[in-house]
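Below are the chains, spelled out letter by letter.
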2 protein chains.
Amino acid sequence: MGVDITPYVGTAFRLLRERTEVSQEDLAFRAGLDRTYVSGIECGRRNPSLKSMQHLAAELSVSLDQVFILARKLAGQTEKLPAQKRVRKPRAHG
Amino acid sequence: MGVDITPYVGTAFRLLRERTEVSQEDLAFRAGLDRTYVSGIECGRRNPSLKSMQHLAAELSVSLDQVFILARKLAGQTEKLPAQKRVRKPRAHG
DNA sequence: CTGTGACTGTTAGTCCGTT
DNA sequence: AAACGGACTAACAGTCACA
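Residues numbered from 1 in each chain as written. Chains lettered and ligands numbered in written order. Predicted model: local features only at pLDDT ≥ 70, side-chain atom pairs only at ≥ 80, totals over all residues. Heavy atoms only, no water.

This part covers the protein's contact with DNA strand C. With respect to spatial proximity, 22 residues lie near DNA strand C, and among them Tyr37(A), Arg14(B), Gln24(B), Glu25(B) and Arg35(B) are the closest. Protein-proximal atoms of DNA strand C, defined as those within 4 Å of the protein, fall in sugar or phosphate at a share of 57%. Within the side chain of Thr36(A), one N or O atom sits 3.4 Å away from a base nitrogen of DNA strand C. Ser49(A) places a polar side-chain atom, nitrogen or oxygen, 2.6 Å from a phosphate oxygen of DNA strand C. Taken together, the elements giving at least two residues each to the surface near DNA strand C come down to α3 (35-42) of chain A together with α1 (6-19), α2 (24-31) and α3 (35-42) of chain B. (Near = heavy atom within 4 Å. Polar contact = N/O pair within 3.5 Å; in protein donor to acceptor, adjacent residues only side chain to side chain. Helix = DSSP H or I, 4+ residues; strand = E, 2+ residues; numbered from the N terminus.)

For the rest of this paragraph, the subject is the interface of chain A and chain B. On the side of chain B, 18 residues touch chain A, which itself brings 18 residues to the contact. The junction of chain A with chain B conceals about 1700 Å² of combined surface from both sides, 62% of it contributed by carbon and sulfur atoms. For the pair chain A and chain B, the number of links is 2 salt bridges. Between Asp65(B) and Arg72(A) there is a salt bridge, with the nearest N and O atoms lying 2.7 Å from each other. (Contact = heavy atoms within 4.5 Å. Buried area = accessible area lost by both parts, 1.4 Å probe. Salt bridge = Lys/Arg side-chain N within 4 Å of Asp/Glu carboxyl O.)

Here we come to the pattern of salt bridges. For side chains bearing opposite charge, pairing can occur when the charged atoms are close. Across all of its chains, the model carries 8 salt bridges over all chains by this definition. Among the ionic pairs, Glu42(B) bridges to Arg17(B), the shortest N-O distance being 2.6 Å. On the criterion of sequence distance, the pair formed by Glu42(B) in helix α3 and Arg17(B) in helix α1 is long-range, its members being 25 residues apart. When salt bridges with common partners are traced through the structure, they connect Arg14(A), Arg17(A) and Glu42(A) into a single cluster.

Okay, the environment of Arg19(B) next. Looking at the element boundaries, Arg19(B) is found in helix α1. Along the chain, Arg19(B) and Leu60(B) lie 41 residues apart, while their C-alpha atoms are 9.2 Å from each other.

Below, the discussion takes up the relation of the copies chain A and chain B. Superposing chain A onto chain B takes a rotation of 180° plus a shift of 0.1 Å along the axis, which leaves an RMSD of 0.2 Å. Expressed as an axis order, the relation between the two copies is that of a two-fold axis. Most of the interface of chain A is mirrored in chain B, where 100% of its interface residues again form contacts. (Least-squares fit on C-alpha atoms with pLDDT ≥ 70 in both.)

What follows is about the UniProt feature "domain: HTH cro/C1-type" (unreviewed entry) in chain A. In the numbering used here, UniProt assigns the "domain: HTH cro/C1-type" (unreviewed entry) feature to residues 13-67 of chain A. As a span, residues 13-67 of chain A carries 67% helix and 0% strand, and end to end its C-alpha atoms are 7 Å apart. (UniProt positions renumbered as here; feature names shortened; annotations may be inferred.)

Further remarks concern the protein's contact with DNA strand D. Residues in contact with DNA strand D amount to 19 residues; listed here are only the nearest, Arg14(A), Gln24(A), Tyr37(B), Asn47(B) and Ser49(B). Contact distances for DNA strand D include 3.1 Å between a phosphate oxygen and a side-chain N or O atom of Glu25(A). Within the side chain of Asn47(B), one N or O atom sits 2.4 Å away from a phosphate oxygen of DNA strand D. Of all elements in the fold, only α1 (6-19), α2 (24-31) and α3 of chain A together with α3 of chain B reach the threshold of two or more residues within the surface near DNA strand D. Looking at the surface near DNA strand D element by element, the count peaks at 3 residues for α3(A). For the surface near DNA strand D, the class distribution of residues is 4 nonpolar, 8 polar and 7 charged. (Nonpolar A, V, L, I, M, F, W, Y, C, P; charged D, E, K, R; others polar.)

Following this line, the structure appears as structure tokens:
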């Protein structure tokens, strides 16, 4: 259950930011936040509020759900399941 | 831009909760939160932190991205575009 | 069972600077 | 450009009485 996704959300924000080639400082300014705070979020040391994350996402031109989808992907990658191959059930052709 | 999604996130949580037929009281207890705090979130009067939302989502057996996808849907519905009726071009029946 | 205002302690979030 | 620290203020977490 209780996997703390905070660091993954931070990484997701970082990845999304780097894609736009904007600095933390610049993003922070545009989102109306402090640069040290954005740093703390990306490093997974902070527990940001809904509004803070929304502002960040808005400035990165993504919706919040995209951030969390990415975060969950990142969390999933680290959760090394035993590489179970997806078996596609062949469809009975009738 | 700056559409405040806080109330939509609250509604999303409420919808997700009602789907499971559990009371605020019950959910709050299971998520380790206060009953009135959950109420405040659902009513959009609170600006919850990432961790608060994560606890709630976990108890509702959904991922946070699902919450935000629903929230965005709700926000879209309320964005009443000028009631533009979708005009389906009637297909000439011959 | 749920909504709200008010309250306290904690933390979110800022601003300074250093590495 | 980014991580990190300290001191600071605004806002949130968490709770209660009451509606």
